[in-house]
Amino acid sequence: MTESKRLFIAACLLASVVPAFAEKDTKEMDMFIGNLISRMTLHEKLGQLNLHPGEDIVTGNPQASNLGAIVAKGEAGGTFNIMGAEKTKALQKLALEKTRLGIPLIFGMDVIHGYQTVFPIPLGLSCSWDVAAVEKVARISAKEASAAGVCWTFSPMVDIARDPRWGRMAEGCGEDPCLGSAMAAAMVKGYQGDGMKGNDEIMACVKHFALYGAAEGGRDYNTVDMSRQSMYNYYFPPYKAAVDAGVGSVMTSFNTVDGIPATANRWLVTDVLRNQWGFDGFVVTDYESIYEMAKHGVGKGAKAASLALKAGTDMDMSSHAFLDHLETAVKEGKVTEADIDVAVRRVLEAKYKLGLFQDPYKYIDPEREKKELYTEENRKSAREIAAKTFVLLKNEGNVLPLQKKGKIALIGPMADNRRDICGTWSMMAVPSKYKSLLQGFRDAVGNSGEVVYAKGCNFHEDRKVDRWFSPYSASLKDERTEEELIAEAVEVAKDVDVIVAALGEGMQASGESASRCELTLPETQKRLLEALLATGKPVVMLNFSGRATVMDWESEHVPAIMNVWHGGSETGDAIADVVFGDVAPSGKLSVSMPRSVGQIPVYYNHLPLGRPAGNDWKGFQVFRSNYIDKDHRPLYPFGYGLSYTEFEYSDFNISSTELSDNGEIIATVTVTNKGDRKGDEIVQFYTRDLEASVSQPVKTLKHFERISLMPGESRKVSFHITPDDLKFYDYNLEYVAEPGEFLVMVGPDSERLSTLRFTLKE
Ligand code: BGC
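Since the model is a prediction, treat every value here as computed from it, not as a measurement.

Caption draft 1: Structural context of the confidence of the model for the chain. With 95% of its residues at a pLDDT of at least 70, the chain reaches an overall mean of 95. Mean pLDDT per element in the chain: helix H1 (residues 3-15) is the minimum at 51, and strand S11 (residues 391-395) is the maximum at 99. Contacts of residues 12-20 to residues separated by more than four positions or lying in other chains number twelve contacts, the stretch itself having pLDDT below 50.

Caption draft 2: Layout of the packing of aromatic side chains. Taken as a whole and judged by the stated rule, the model has 29 aromatic pairs. Both rings, one in Trp-152 and one in Phe-154, keep their centres 4.9 Å apart while their planes meet at 80 degrees; by these two values the pair is edge-to-face. Comparing Trp-152 with Phe-154 shows no difference in burial state: the two are buried. Between Phe-459 and Phe-469 the ring centres are 6.3 Å apart and the planes differ by 40 degrees, which places this aromatic pair in the tilted class. Here the residue Phe-459 occupies a position in the loop between strand S13 (449-454) and helix H19 (463-469), and Phe-469 occupies one in helix H19, the gap between them amounting to ten residues. Assessed through its relative accessible area of 4%, Phe-459 is described here as buried. Taking relative accessible area as the criterion, Phe-469 reaches 4% and is therefore assigned buried. Taken together, Phe-209, Tyr-232, Phe-236, Tyr-239, Trp-267, Trp-277, Tyr-729 and Tyr-735 form an aromatic cluster joined through their ring pairs. Here the basic side chain of Arg-162 rests over the ring of Tyr-234, its NZ or CZ set 5.0 Å away from the ring centre.

Caption draft 3: Spatial organisation of the sheet that holds strand S15 (residues 539-544). Spatial ordering of the open sheet is given by S11-S16-S15-S14-S12-S13, a layout of six strands whose pairing is mixed. Single-partner strands in this sheet number two, and they are S11 and S13. Averaged over all adjacent pairs, the angle separating strand axes in this sheet is 15 degrees, with direction ignored. Where S11 lies against strand S16 (residues 560-563), four bridges are found, and the strand directions are antiparallel. Bridging across to S16, Leu-392 finds its partner in Met-562. Those strands touched by helix H21 (residues 523-534) are strand S12 (406-411), strand S14 (498-504) and S15, and its axis lies near 170 degrees from that of S14.

Caption draft 4: Inspection of empty space enclosed by the protein at higher detail. On inspection of all chains with the given rule, the structure shows five cavities of 30 Å³ or more. When its volume is computed, the largest cavity comes out at roughly 60 Å³. For the largest cavity, the lining is made up of 13 residues, of which Leu-519, Thr-520, Leu-521, Asn-543 and Thr-549 are closest to its centre. Residue composition of the lining of the largest cavity, grouped by class: six nonpolar, five polar and two charged. Each pocket or cavity is described by its volume, and for the second largest cavity that value is around 50 Å³. Considering the residues around the second largest cavity, the lining is formed by Met-109, Asp-110, Val-111, Ile-112, Gly-114, Tyr-115, Trp-425, Ser-426, Met-427 and Met-428. Partitioning the lining of the second largest cavity into residue classes produces seven nonpolar, two polar and one charged.

Caption draft 5: Looking closely at the state of the cysteines. A complete count under the given rule lists zero disulfides for this structure. Here Cys-173 is not cross-linked by a disulfide; its sulfur's nearest cysteine counterpart is in Cys-127, at 9.0 Å.

Caption draft 6: Quick peek at the pairing of strand S5 (residues 203-209). Counting buried positions along S5 yields seven of seven residues, so the element is predominantly enclosed. Inspection of the sheet shows strand S4 (residues 152-153) paired to S5 by two bridges, in the parallel sense. Note on S5: the bridge partner recorded for Thr-153 is Ala-204. One crossover worth recording links S4 to the parallel S5 by way of helix H8 (residues 177-192), and it is right-handed. Bridge analysis of S5 against strand S6 (residues 249-252) gives three bridges, and the strand direction is parallel. In the strand pairing of S6, Cys-205 is matched with Ser-249.

Caption draft 7: Structural detail: unusual backbone geometry. That bond from Lys-207 to His-208 is cis: its omega, -10 degrees, falls within 30 degrees of zero. Backbone torsion omega between Ile-600 and Pro-601 reads 5 degrees, so that peptide bond is classified as cis. Tracing the backbone through its elements, the reader meets Pro-601 in the loop between helix H23 (571-579) and strand S17 (647-654). Notably, Asn-81 is not glycine yet its phi reads approximately 60 degrees, a positive angle. Structurally, Asn-81 can be placed in the loop between strand S2 (78-80) and helix H5 (85-98). In this model, Leu-211 sits at a positive phi of 75 degrees, which is unusual for a non-glycine residue. For Leu-211, a relative accessible area of 1% gives the class buried.

Caption draft 8: Layout of the sheet that holds S5. The parallel open sheet is built from eight strands, whose spatial order is S9-S6-S5-S4-S3-S2-S1-S10. Here the strands that pair on one side only, and so sit at the sheet edges, are strand S9 (282-284) and strand S10 (316-317).

The rules behind the values
- Residues numbered from 1 in each chain as written.
- Predicted model: local features only at pLDDT ≥ 70, side-chain atom pairs only at ≥ 80, totals over all residues.
- Heavy atoms only, no water.
- pLDDT = per-residue confidence, 0-100.
- Helix = DSSP H or I, 4+ residues; strand = E, 2+ residues; numbered from the N terminus.
- Contact = heavy atoms within 4.5 Å.
- Phe/Tyr/Trp six-rings, centres within 6.5 Å; stacked < 30°, edge-to-face > 60°.
- Buried < 20%, exposed > 50% of the residue type's maximum accessible area, 1.4 Å probe, protein only.
- Lys NZ or Arg CZ within 6 Å of the ring centre and 35° of its normal.
- Pairing = 2+ DSSP bridges.
- Axes fitted to C-alpha atoms, helices over the stretch in contact; angles between N-to-C directions.
- 1 Å grid on protein atoms, 1.4 Å probe; cavity = no way out; pocket = protein on both sides within 12 Å on 5 of 7 lines; lining within 4 Å.
- Points joined across faces, edges and corners; volume = space filled by probe spheres on them.
- Nonpolar A, V, L, I, M, F, W, Y, C, P; charged D, E, K, R; others polar.
- Disulfide = S-S within 2.5 Å.
- Right-handed = clockwise from strand over helix to strand, strands pointing away.

Have a look at this one:
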C-alpha cells in the first residue's frame, strides 16, 4: 500500500465516513491533505506543482523515458497528452511505487471537441446554439477520454474572438458573451458530470485566462491591450460562467494583461478570479508561460517563478520553473514555503476531488478503452450534432436540398479527405475509421444516382503555405499542375446535374499558431470555383473553415453556400443528411462574417456612434463612420443562418412597458413555420440600454431558444426580463442596472429584428 493511500484510509477512519466530496463536506479532504503536506519535503512539494509534457513516453517502457525518470523521482504532479490507458497505467504505477509518498499523477489532455469520436470544432458547435447538445458533446468526450486514462481536459476554451485572422477562433464559441457563457457552462457540466464522482467524469479547465482572443492583428501570441470596461463586459463573462458552473481548474493565457503576463498577474489570477468570482480550484499555466516571462521582459528564473506563484498560479506546465527555481526563491526570501503550500494544497485537492487517492487507477481501464471509444451510439450523436452546426448562408433558387438521384459531381480538396474534416486538436482521431464526404454522399445516394469525384486543386497554390493548411494529409497532395487538376474537374463535371464544391481550409489552417492575413479562398480554389461555375451547372459551395472567412465574391456568384466548419469524424454522413434534405440546416453564425479583412474587427454588439453610417447604407457617406471603397457592414451578420423552410415572427408583445426594481416583464413572440417541411429555428432576443452612465452596445444578446416546428406549426417563445438582465459593469466596475429607457428586440438574427420599448423604473 502506498503511503498516500495509507494516509487516506487513516483520515477516512478518523472521519468515520466514506469521503464524498459532493456532499460539500471538505473536512476529511482538509484533514487528509494537511496530513500529507506536513509529511512532504520542499522538493516533493515542488514536484507536485510540475506538469511535465507527455510526448516522449514509449509504450510499455515508461522507465526508459525522460518523463518516466522524472515521475519516479517524484518531480511531476502530472503529465498531459499521453495517449492510451496502457501508458497512463504504467506511469501511474511508477508514481505510486517508486516515489516515497506514492501520490498519484493527474493526466491532462486537450480533449477539445471529442476523443476518438470527433465532434465539430467548438466554433461550429456554438453555431448550433444547442446548449443541451453541447453538454452532451462534453459528456461523451469525457466518457471516451476517461476510459483511456485522461482525468483532466484542457477545455472549454472560451476566449471571445472578434478577429477571424486569429486561428484559435476555431477553438472557442465566437464573438458573443451570452452565447459563449451558455456554451462554457454546458461544457463544464458535461465534462465534470455529477461532481467528478463517476469514473467517466473528468475535471474541466477553462482557458485561456484571460483575453487571449484579442491578440492585436489576429496574430497568435501577440499583445493584448484592453480597457477594463471591455474585459468585464465582453471578454470575462464566459470564463466567469465556467467558474459559476464549478470548473475545477483554470489555465492562464500567453498574453499580457495590462502589461503583465497573465500568469504573473495577481490582479487577474487572485483579485478577479478568486476574490471577486470565488474560484476555489487550481490554476495552471499555459505551456511555458513562466519561461516566456523572460521574453516579455519581466524577469526570469527565480524571479519569474516567484512572480507567478505569488500571483496565484499553482501548477507550471512545461517550464520546469517552479521545480528548478522555487527552492532558491525560498532561500532568497522571494516566496515562503507557506506560499508554496497554498499551491500544493490546491493541486492535491484537485486529485482528491477526482478520487485519485481513493483509486489512482479510477480513470485507467484498458477494457473500457477497448469497448467505449467510437461506439455506434457516440457516432450517432456526433452525426446529429454536426448536422446542427452547418450554416446555410445562401440558397438562391432553392438549389438545396439536392435530390438523391441523377449525377452529382463532388469536387475539391475536402471532398475525399478523412483527416482535415476532424479539425484542429483532434489528436486522438483515427481517420481510417471515418467516412470521407465522398463516401457519405455515395452511401446517401445509393443505387439511385451517381456521385463522381475530382480533387480539382490543392488547398493553396503556394506549396509552402499549402503545407501548413494540411500538414497531416501529405498523401493528399497532388503533384499535377493546377491546369491539369482543374481540367480534370471540369471534364468530370461536364454531364452532371449539379456540382458540389468542397472547398476551404485544411484542419491546420486554423487553430493554434494558424493566423492568416488573407481570409478569402486561396487563389487556386477560387480559379477552380470559377471554372466550375463556367460549366453553367448549378453549384453548391461547402465552405470548410475554422474561422469566419471572406466570401464576398462567392456570395455574388455561387447560388448556394453552406458553411460546414470542420465537422468531426461523422462529417461525411452529417453533410449528406443536410445536403440531401433528410435534415434541414439550422445553424446560425456565432461570429460575424466580414466582407473584407480591412473591416476587422467587425462584430454585432458594437457601441453606438456619434456619426454612424447606419444599417441602410447604400454607398459611401461623407463624415460618417464607413469606408469609401466597401460596405462597412458584415457580409453575413451574427446570428444569421437559413433553413429549407421559412419562419414567420408575429405578435411580438411585452407584458408591461414598466419594469420595477424587483419585478419581471415578459416579452413574447409567435414563430410559425410557413414552409412545407420540418425545421429548427433559433429565436434571438436582444436588449439595448438607451441611456446609461457608460455608452452601451447597439444590441446585446440576452436570451435565445432553439425550437423545432412542423409545417404550419406555431410556438410562442418568451423572454422573462428582470433587472438582472439589464446589468452591466459601470465605470467603477460595479455591476448595475441603471433606470431608464430600454429596447427589447427579437428576430431570426442580429439584424432582422422587431423592437419594443420599456422603462426600468427608479
Ligand atoms: C495551448 C493550450 C494547450 C496546451 C497543452 C498550448 O500550446 O495554448 O491551449 O492546452 O498547449 O497542449
